[in-house]
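# Structure assessment
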Amino acid sequence: MATTASMPTERESRQHGRFSLSNGAYRVILTVGAAIFVALALWFLYAIVSQARPIFDQLGVGWVFGKVWNPNHNQFGLLPFILGTIETTAIALVLAVPIGLGTALALAYLVPPRVKATLGGAVELLAAVPSVVYGLFGLVALAPIWRAHVEPFLTSVFGWTHLFSGPNDGVGLLLAGTVLFIMILPTVVAISRDVLAVVPREQVEGAMALGATRWQVLRKVVLPDARTGLLGAFTLATGRALGETVAVALLIGNSDYIAHSLKSPAATIPSLIVNNFGEASGTELAALFGAGLVLLVIGVGVNAIARVLVRGKTGAAGGAASVAVA
Amino acid sequence: MTTLTFDASTDPILERRRQIQGIARASVSRRKTYSKIALGICWATLVIALIPLVAIIVYTVVKGIAAWNWTFFSQPTKPEGIPGGGIWNALVGTVIIGAVATIVTIPLGLLGGLYLAESDGRIAAAVRFTADLMTGVPSILMGIFGYIALVKVFGYSGLVGAFAIGMIMLPIIMRACETAIRGVPGHLNEAGLALGARRFTIARRVIVPAALPGILTGGLLAIARGVGETAPLLFTIFGTLYTQWNPTKVMNALPLVIFNDSSSPYPDQLQIAWGAALLLMVMVLVLSIGSRLLAAHLQKERR
Amino acid sequence: MHDSPTPPTSRRPRRTGRTLIIGVLAAGTLLAACSSSSSSSTTTSTAPGSATTAAGGSSYLASDLKAPAGTINGSGSTFVQPFFTKAFYTYSSKNQGVQINYQGVGSGAGVSAFEAGTVNFAASDVPMQAADLAKVPASSGPVVQVPDILGGVTLSYDLPGVTKRLKLDGPTIAGIFSGTIKDWNASQIAALNPGVTLPSNAIVPEVRADSSGTTYIFTNYLTSAAPATWTLGVSKTINWPASAVATPKNSGVAASIKSTPYSIGYVELNYAVENGFTYAAVKNAAGVFVVPTPASVAADAAQKAVVTPTSFSIVNGPGVLSYPIAGYSWAILLQKQTSSTTGSTLVKVLDWTTQTGGGQSLATSLHYVPLPPAVQTYARTQLLTVTGPSGQVLLTK
């Protein structure tokens with residue numbers, strides 16, 4: 001509890017030579033701090049845009065939707081990589097949203113208190129694994145299982161759609177998407193759990209007093225109240241999935257073509273950049289920066305959509321949700 | 001005079017009452033069943049979520065612990081095929097790069113967070129939006145930004161790597177600080193103002209100490225995130241076999257070792273990669289769990 | 001008279017005398033050190049400019065040339081990476097203070113880094129041609145390219161159930177990597193391997209995702225041996241068919257082959273041997289199916305005594321013992337070095353690396369082939385043209 005003794009008066013501060021700032025100076029320093037950040041962000045944006053500019057000058061905007069990437073023949077179509085990025089992220093989200101949400105609900109409301117801390121810590125542990133280890137694990141442990149069991153099984157069940165045509169390589173969209181799901185799962189679970197746990201207890205208890213079953217409480221009271229924060233969690237997870245480079249590059253097979261099936265090798269924009277950046281120069285370098293710009297735009301688009309959906313519904317939960325979990 | 005007879009079996013009010021009770025009973029059992037199914041699904045998802053977790057942890061520990069010995073920790077990395085290598089130079093690099101990034105971004109992030117917490121205007125909203133955007137920038141883009149902006153001018157060095165990692169950490173710390181500071185009850189700020197204190201004094205002696213748990217948590221999580229990143233280092237620090245303490249020179253780092261050695265045909269090298277992976281995981285885990293413990297401890301002290 | 005300060009002129013003789021003595025002592029020590037560290041064999045002079053000794057002659061000690069302490073950074077080919085990292089490690093363990101950092105990122109990336117001026121030297125399995133040289137700023141001056149090792153590219157495969165070594169020829173390999181030959185039991189493969197039961201599984205071609213000199217050597221061979229079948233060109237980056245799985249670096253392709261059954265890919269011999277791969281016997285220009293070994297690679301290289309940056313290809317060489325998919329790797333540096341210390345370290349390291357008794361003696365244990373004597377001479381001649389900022393030759397004792 002702060003006592004008056006720990007709040008020095010103006011005179012005391014100056015007498016004892018304690019450092020203090022006038023309100024004006026304080027405000028200036030804070031603004032400078034924020035301004036430095038904004039300057040860095042603008043520098044970043046400027047660098048990406050100016051490096052990408054040559055290819056937009058040369059080829060307009062249409063090249064982004066081109067289907068063929070062949071730098072030797074000056075062809076720089078990005079469509080295969082845009083699709084690959086979206087497809088792997090989609091696979092990851094389709095798995096992460098239900099499983100992550102269910103797990104978060106379980107952790108926040110169903111798990112006995114003693115076990116809660118351990119399991120919560122365990123989920124955080126998953127977030128601590130570096131992405132290159134995920135890639136390694138996926139390549140060494142999961143790819144053989146995918147090749148021998150998962151892909152044949154899915155082909156036998158869903159083969160009638162053309163989503164599962166082609167050989168069983170192991171590596172490809174499916175494996176990359178699945179490992180991506182494992183990677184964003186802790187983000188989804190940790191933030192969702194925090195968000196779900198701060199729903200006002202009065203509302204929860206009130207609903208229970210009215211005779212609602214536990215599921216009704218969750219569905220009608222907790223989830224609606226946490227909607228903003230949950231969307232924030234999913235958006236952050238999407239952002240993480242879109243930008244994931246190392247694990248995806250190891251698991252996606254690196255094909256420059258549009259994938260025709262979930263089992264095909266493919267590529268994403270981050271994997272394109274990491275594989276080609278070292279040797280690119282001239283137009284190809286500009287094309288890679290252009291690809292990075294496209295990735296940024298997609299990410300911003302995702303963010304903007306999330307904001308429109310939650311307009312006017314901010315709250316403490318929403319704020320907590322925006323702290324990115326490692 | 002009519003005689004009122006009460007026949008429990010035909011009385012319309014009782015009948016109605018029985019009807020309602022029947023509906024309620026059916027409803028309760030239906031709702032309970034739905035609830036059981038839904039909660040069962042939630043439990044199932046929890047189990048499903050834990051499977052890959054356990055698998056990866058166990059796998060990494062088993063493969064990594066085999067590498068941990070004195071040579072591993074004390075020797076620098078050696079070329080493929082030469083035994084007796086370790087990760088000392090990579091550990092030094094990771095710590096130094098992490099330290100440089102932290103020293104710059106924590107104060108800057110705190111200032112930015114204070115700014116955001118204390119301002120509500122449109123400019124502040126724009127800054128907040130920028131910070132949200134920047135938290136979502138893929139780390140590979142920070143890597144190529146670091147290359148274009150700095151490596152082409154100053155050459156490869158640990159400092160450029162620290163810059164790229166710092167750019168990733170900064171918006172995270174800013175938002176975490178803002179959230180933590182906004183979480184401090186308003187009446188503490190008002191009490192300080194009522195006593196006639198300057199804003200700086202209030203911030204320094206009341207707000208920041210009160211928000212410290214959240215700030216520390218956010219900060220340590222950002223550091224954990226930063227030291228685990230690989231992509232920003234790929235095009236900035238170059239890598240080296242030598243133990244380099246000077247961040248203005250090329251350095252090595254744990255994520256780089258893992259990435260480079262992950263597909264080595266030499267079992268020695270591969271084992272070192274797994275050992276490094278385990279070490280990095282442990283470091284990051286210590287940071288993130290340590291941050292929670294510290295925050296909880298500080299919370300307790302305040303009560 | 002004595003209390004006035006002694007005029008400066010009277011001090012000079014004493015100072016000069018002291019300096020002279022120190023100078024003589026220093027020179028003497030240096031001379032003694034030089035002569036004591038030079039080899040004790042009969043070939044007295046290891047001074048550059050004299051012809052290199054044959055293999056087995058005097059050992060070329062790293063300490064023979066006093067390289068100034070410092071750091072040099074190089075990047076590029078993964079083809080040569082195992083050799084370079086071992087050679088540089090050996091050199092710097094004998095020359096404390098010299099640190100050589102080599103980053104294996106693929107020949108294309110190395111050349112790009114060199115063009116951007118962010119590394120002191122690049123390593124590429126195909127020398128820079130006119131188009132690449134044009135990207136080096138004119139102010140940097142001419143470029144020196146030096147062959148540094150000789151190696152072979154294997155066709156390594158993972159074929160469960162087949163124990164006999166497969167025989168493949170140019171058109172068949174071209175068909176596999178163009179995607180026209182899709183299954184292991186295709187008629188072309190079966191025809192070359194009678195008596196071998198081939199599985200019906202689909203072939204998974206394993207290729208490079210990054211810009212690679214190994215890809216260049218491989219496609220150079222395909223164009224030479226199967227001009228009608230191979231239509232994807234000769235380059236460090238190729239538009240591989242959709243069925244190919246691409247991974248960066250030789251080590252990445254090796255790891256992919258190792259973990260993918262029914263795959264086949266092209267990796268340098270060191271990676272193939274260290275991973276315990278099975279690799280194919282490839283038909284050479286003389287019609288013989290040859291297994292890649294240092295000996296067969298050397299036989300192929302012997303068919304072309306003189307290599308220069310403009311005439312460097314040795315694929316598909318004549319001779320019954322030649323393994324057809326082989327090539328030199330090249331170290332690339334600026335002729336006009338801007339720092340005499342860094343430049344001096346650089347040329348001395350590269351000279352030691354490219355000479356018998358020096359780095360080349362490490363080649364065989366790593367499954368490479370040491371440079372033939374004529375090529376070593378060429379390398380040294382090229383390194384002798386490297387000058388410092390004031391035009392002085394840097395490769396001196």
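These numbers come from a predicted model, not from an experiment.

Broken down by element type, chain C carries twelve helices and twelve strands. Per-residue burial for chain C yields a buried fraction of 52% across its 397 residues. If you take every contact in chain C between residues at least 6 apart in sequence, the share linking residues at least 24 apart comes to 71%.

Turning next to the nonpolar core. Counting 289 residues, the largest nonpolar core has Val179, Ile184, Leu185 and Leu251 of chain A together with Leu254 and Ala276 of chain B as the members making the most contacts within it. Not counting residues within four places of it along the chain, the set of residues in contact with Val179 of chain A comprises Tyr134, Gly138, Leu142, Ala247 and Leu251 of chain A.

Below, the discussion takes up the pairing of strand 1 (residues 70-76) of chain C. All names here are of chain C. Extensive coverage of strand 1 is indicated by the burial of five of its seven residues. Examined bridge by bridge, strand 1 and strand 2 (residues 98-104) share seven bridges and lie parallel to one another. Across the sheet, residue Gly70 finds its bridge partner in strand 2, namely Val98. Crossover handedness for the path strand 1 to helix 2 (residues 81-94) to strand 2: right-handed. Two elements, strand 1 and strand 3 (residues 121-124), share three bridges in a ladder whose sense is parallel. Residue Gly74 lies in a different strand from strand 3, and its bridge partner there is Phe121.

So, about unusual backbone geometry. Residue and element names in this part refer to chain A. Phi angles above zero are rare outside glycine, and Asn74 is one such case at about 60 degrees. The topology assignment puts Asn74 in the loop between strand 1 (69-70) and strand 2 (75-76). Judged by local crowding, Asn74 falls into the exposed class, with 11 C-beta atoms found within 10 Å.

With that settled, the discussion passes to the sheet that holds strand 10 (residues 281-283) of chain C. All names here are of chain C. Sheet architecture is open: three strands sit in the order 5-10-11, paired in mixed fashion. For this open sheet the edge positions go to strand 5 (167-168) and strand 11 (289-290), each flanked by a neighbour on one side alone. Of the pairings in the sheet, the one linking strand 10 to strand 11 comprises two bridges and is antiparallel in character. Considered in strand 11, the bridge of Val282 is made with Val290.

Moving on: the environment of Ile314 of chain C. Residues and elements named next belong to chain C. Structurally, Ile314 is set in the loop between helix 10 (294-301) and strand 12 (326-334). Sequence spacing of Ile314 and Gly327 is 13 residues, and the spatial spacing of their C-alpha atoms is 5.9 Å. Apart from the residues lying within four places of it in its own chain, the contact partners of Ile314 are Asp300, Ala301, Gln303, Lys304, Ala326 and Gly327.

As a further point, take the interface of chain C and chain B. On the side of chain B, 20 residues touch chain C, which itself brings 18 residues to the contact. Elements with a contribution of two residues or more to the side of chain C that touches chain B: strand 1, helix 2, strand 2, helix 8 (250-259) and helix 9 (269-274) of chain C. Each residue belonging to the side of chain C that touches chain B can be placed in one class, and the counts come to six nonpolar, ten polar and two charged.

The next subject is the confidence of the model for chain A. All names here are of chain A. With 86% of its residues at a pLDDT of 70 or more, chain A shows a mean pLDDT of 82. Mean pLDDT across the secondary structure elements of chain A bottoms out at helix 12 (residues 316-321), with 37, and peaks at helix 2 (residues 23-59), with 92. In this model, residues 311-326 is a region of pLDDT below 50 whose contacts with residues beyond four sequence positions or in other chains number 50 contacts.

Because the α-helix completes a turn every 3.6 residues, residues three or four places apart line up on one side. Residues and elements named next belong to chain A. End to end, helix 2 covers 53 Å across 37 residues, agreeing with the expected 54 Å (1.5 Å per residue, within 8%). By the largest-angle criterion, Arg53 marks the main kink of helix 2, which is about 40 degrees, and a proline, Pro54, follows within four residues. Where helix 2 terminates, the next one or two residues include Gly60, which has phi positive at roughly 70 degrees.

Residues and elements named next belong to chain C. Among the 16 residues of strand 4 (residues 143-158), 14 are classified as buried, and the element is accordingly described as predominantly covered. With nine bridges joining them, strand 4 and strand 12 adopt antiparallel strand pairing. Following the sheet pairing, Val146 is matched in strand 12 by Ala331. In this structure, strand 4 lies alongside strand 8 (residues 263-268), joined through six bridges in antiparallel fashion. Bridge assignment links Asp158 to a residue of strand 8, and that residue is Ser263. Here two bridges tie strand 4 to strand 9 (residues 278-279), and the two strands are oriented antiparallel to one another. Looking across to strand 9, one finds that Ser156 is bridged to Tyr279.

With that settled, the discussion passes to the interface of chain A and chain B. When the parts of a complex come together, some accessible area is lost, and that lost area is often used as the size of the interface. Taken residue by residue, the interface counts 72 residues in chain A and 77 residues in chain B. Per-element tally for the side of chain A that touches chain B: the top contributor is helix 2 of chain A, with 16 residues. Tallied by class, the residues present in the side of chain A that touches chain B amount to 49 nonpolar, 21 polar and two charged.

All right, on to the packing of helix 5 (residues 139-154) of chain B against helix 6 (residues 158-182) of chain B then. Residue and element names in this part refer to chain B. The interhelical angle for the contact between helix 5 and helix 6, taken along N-to-C directions, is 145 degrees, at an axis separation of 9 Å. Seen along the crossing, helix 5 lies across helix 6 with a hand that is right-handed. Packed against helix 5, whose contacting residues are Ser139, Met142, Gly143, Phe145, Gly146, Leu150, Val151 and Phe154, the element helix 6 presents Val160, Phe163, Ala164, Met167 and Ile168 at the interface. In the contact of helix 5 with helix 6, the residues fall into ten nonpolar, three polar and no charged.

All names here are of chain B. Direction vectors running N to C along helix 3 (residues 88-118) and helix 8 (residues 199-228) enclose 140 degrees, while the axes themselves pass 10 Å from each other. Compared by their axis directions, helix 3 and helix 8 come out oblique. When the axes of helix 3 and helix 8 are compared, the crossing they make is right-handed. Between helix 3, through Thr94, Gly98, Ala101, Thr102, Ile106, Leu110 and Leu114, and helix 8, the contact on the second element is made entirely by Ala203, Ile215, Gly219, Ile223, Gly226 and Val227. For the contact of helix 3 with helix 8, the per-class residue count stands at eight nonpolar, five polar and no charged.

Our next topic: helix 6 of chain B. Given a rise of 1.5 Å per residue, 25 residues ought to cover 36 Å, and the 35 Å separating the end C-alpha atoms of helix 6 of chain B matches this to within 8%. Largest kink in helix 6 of chain B: about 30 degrees, centred on Met169 of chain B, with the proline Pro171 of chain B one to four residues after it.

The rules behind these values
Residues numbered from 1 in each chain as written. Chains lettered and ligands numbered in written order. Predicted model: local features only at pLDDT ≥ 70, side-chain atom pairs only at ≥ 80, totals over all residues. Helix = DSSP H or I, 4+ residues; strand = E, 2+ residues; numbered from the N terminus. Buried ≥ 20, exposed ≤ 12 C-beta atoms within 10 Å, placed from the backbone. Contact = placed C-beta atoms within 7 Å. Core = buried A, V, L, I, M, F, W, Y, C linked by C-beta atoms within 7 Å. Pairing = 2+ DSSP bridges. Right-handed = clockwise from strand over helix to strand, strands pointing away. Nonpolar A, V, L, I, M, F, W, Y, C, P; charged D, E, K, R; others polar. pLDDT = per-residue confidence, 0-100. Expected span 1.5 Å × (residues − 1). Bend = angle between axes of the 7 residues up to and from the residue. Axes fitted to C-alpha atoms, helices over the stretch in contact; angles between N-to-C directions. Left-handed = near helix turned anticlockwise from the far one by under 90°. Parallel < 35°, antiparallel > 145°, perpendicular 65-115°, else oblique.

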